[in-house]
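Below are the chains, spelled out letter by letter.
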Amino acid sequence: MYAFNLAGLLPYIDPLPHAIVLTLWLSTLSILLSIAVGLAGALCRTSTSLILRLTGAAYVEVLRNIPLLVVIYLIYFGLAQVGIRVTNFNSALIALTLNAGAYMTEIFRGGLVAIPRGQYEAARSQGMTAWQLYRYVIFPQVFRIIYAPLGNLMIGIVIGSSLASVIGVEEVTTWMRRAGDETFRYMESFLAVGVVYVALAQAINIGRIVTGRWLLSRAPVGMRR
Amino acid sequence: MSPAVAAYWYVLLKGAAITLWISWLALILGGLVGLVVGLLRIAPWAAVRWLAIAYIEVFRSVPPLVLFFGCFYGLSYALQLDLSPFTAATVALTATASALMAEVVRAGIESVTRGQWEAALSQGMHYHQVFRYVVWPQAIRVMLPPSVGVYISTLKDSSLASIIGYVELTKSGLLVRETTGISFEVLLIIAVMYFIINYSISLVGAALERRFGYVH
């Protein structure tokens, strides 16, 4: 009979906080970069130029239909053969950002196309500057549409960051593999890491709900839920 | 394609077939489990609902890669079973797919308005009759397009089975890469194959959406 023994992992507890920090660091960088990529992508996809629209659509379709693992291998192993050396952390970051950026593009595009053209014209005819138009008219409404999928995507990025372990980035999943390999306490290390990921995902969930309430309560009365 | 790689075309094609097969299997199993969990998620008893929510949240937030390790090594040691990579991969993929499908099922059933339940009940129909003849035929139409999305997501997750040594498309590619020593080209071919498969499936999804989706 298998004796469940969580204490067997105690010698490995020291590097765990560092591993969690690395997972968070990789995810946060990727979230910030993919927001930038997503904004640029959404502007391309809603642009008046056909070439920009097609480029944006091609980017989204290609990256959404290829597994993240294959993108990581392509950047880490594939580019190395062509003579471009990228460190394992940067490979994971680039792959994760390219992948998440495609989903960000679709989220931002969905928010932008939901606002009728007439609102831009109405706001400009009231003498609003472009900044005022986006700050007081467009963004509050776009935010209401995108904030739920944005939270889900952030959780998706944290989940995706686990793949960095296949090219040796010392994050939480790598910790699980090492602790399991060296103690044969695979079930225990799996459960411990499962708790870490569920906690991270729930933290993002709660953060999303709190910022959502806070920002929506400041929206004009007609736009509150 | 260089001749060294072209010599292994059948390895890659076979890998693609295995990828399609295992993700299809996981989608079906995940759909069945997801149907149960999705119905429990909207059950009239709070305790049952919370259990279903916990199931969905856990399997949506634990990375599939971690689940693959948990199934392949964790379950093998804990249950003293010698799980094959295929079994472990199927269980792990099913766990993730079922959490996604549970939400699809819930959204589908909740898309049928309360008024229809009340109208059908007031006509003297039984609960199970209302579900079978009124709610389900409408819910399944709402569920079809997002199910295609779950299939694509499962298909992409199945690439992680390569890590535990299951020879599907990604692992086939890595084997060809090791044999020929050609990295970039082989990986690019794998990426293109995934793209062709998933893009074709997404076209089917878009067609379903046009056919069955809500008219806004």
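Asker: Residue-level account of the packing of helix H8 (residues 169-180) of chain B against helix H9 (residues 184-212) of chain B, with values.
Answerer: Residues and elements named next belong to chain B. In contact at an axis separation of 9 Å, H8 and H9 are set at 160 degrees when each is read in the N-to-C sense. Here H8 lies roughly antiparallel to H9, going by the angle between them. Where H8 crosses over H9, the two elements pack in a sense that is right-handed. Residue-level inspection shows Leu 169, Thr 170, Gly 173, Val 176, Arg 177 and Thr 180 of H8 in contact with H9, the latter providing Val 186, Leu 187, Ile 190, Met 193 and Tyr 194. Considered class by class, the residues forming the contact of H8 with H9 number seven nonpolar, three polar and one charged.

Asker: Explain the interface of chain B and chain A to me, and be specific about the residues and the numbers.
Answerer: With 30 residues of chain B at the interface, the matching set in chain A holds 34 residues. Looking at the side of chain B that touches chain A, the elements with two or more residues in it are helix H3 (46-61), helix H4 (64-78) and H9 of chain B. Top element by residues in the side of chain B that touches chain A is H9(B). It accounts for 10 residues. Here the side of chain B that touches chain A is composed, by residue class, of 19 nonpolar, nine polar and two charged.

Asker: Explain the confidence of the model for chain B residue by residue, including any values.
Answerer: Parts of the prediction with low pLDDT should not have their coordinates interpreted in detail. Residue and element names in this part refer to chain B. A residue-level look at chain B finds 98% of positions with pLDDT of 70 or above and a mean pLDDT of 92. In the model of chain B, helix H1 (residues 3-6) stands out as the element of lowest mean pLDDT, 85, in contrast to helix H2 (residues 9-41), which has the highest, 96. At the level of chain-chain contacts, confidence expressed as ipTM amounts to 0.89, with global pTM at 0.89.

Rules and cut-offs
Residue numbers restart at each chain and count upward from 1, following the sequence in its written direction. Here the convention is simple: chains get letters from A, ligands get numbers from 1, in the order in which they are written. Where local features are concerned, this predicted model is filtered to residues with pLDDT of at least 70; where side-chain atom pairs are given and counted, the filter is 80 or more; whole-chain, interface and lining totals use all residues. The angle between two axes is taken between their N-to-C directions and runs from 0 to 180 degrees, where each axis is a line fitted to C-alpha atoms and a helix contributes only its stretch in contact. Secondary structure counts use DSSP, requiring at least four H or I residues in a row for a helix and at least two E residues in a row for a strand, with both numbered from the N terminus. Should an angle fall under 35 degrees it is called roughly parallel, over 145 degrees roughly antiparallel, and 65 to 115 degrees roughly perpendicular, with every other angle called oblique. Each crossing gets its handedness from the near helix: less than a right angle anticlockwise from the far helix is left-handed, clockwise is right-handed. Two residues qualify as a contact pair if the distance between their C-beta atoms, derived from the backbone, is within 7 Å. Note that Gly is not counted as nonpolar here; it falls among the polar residues with everything else outside the nonpolar set of Ala, Val, Leu, Ile, Met, Phe, Trp, Tyr, Cys and Pro and the charged set of Asp, Glu, Lys and Arg. pLDDT is a residue-level measure of predictor confidence that goes from 0 to 100.

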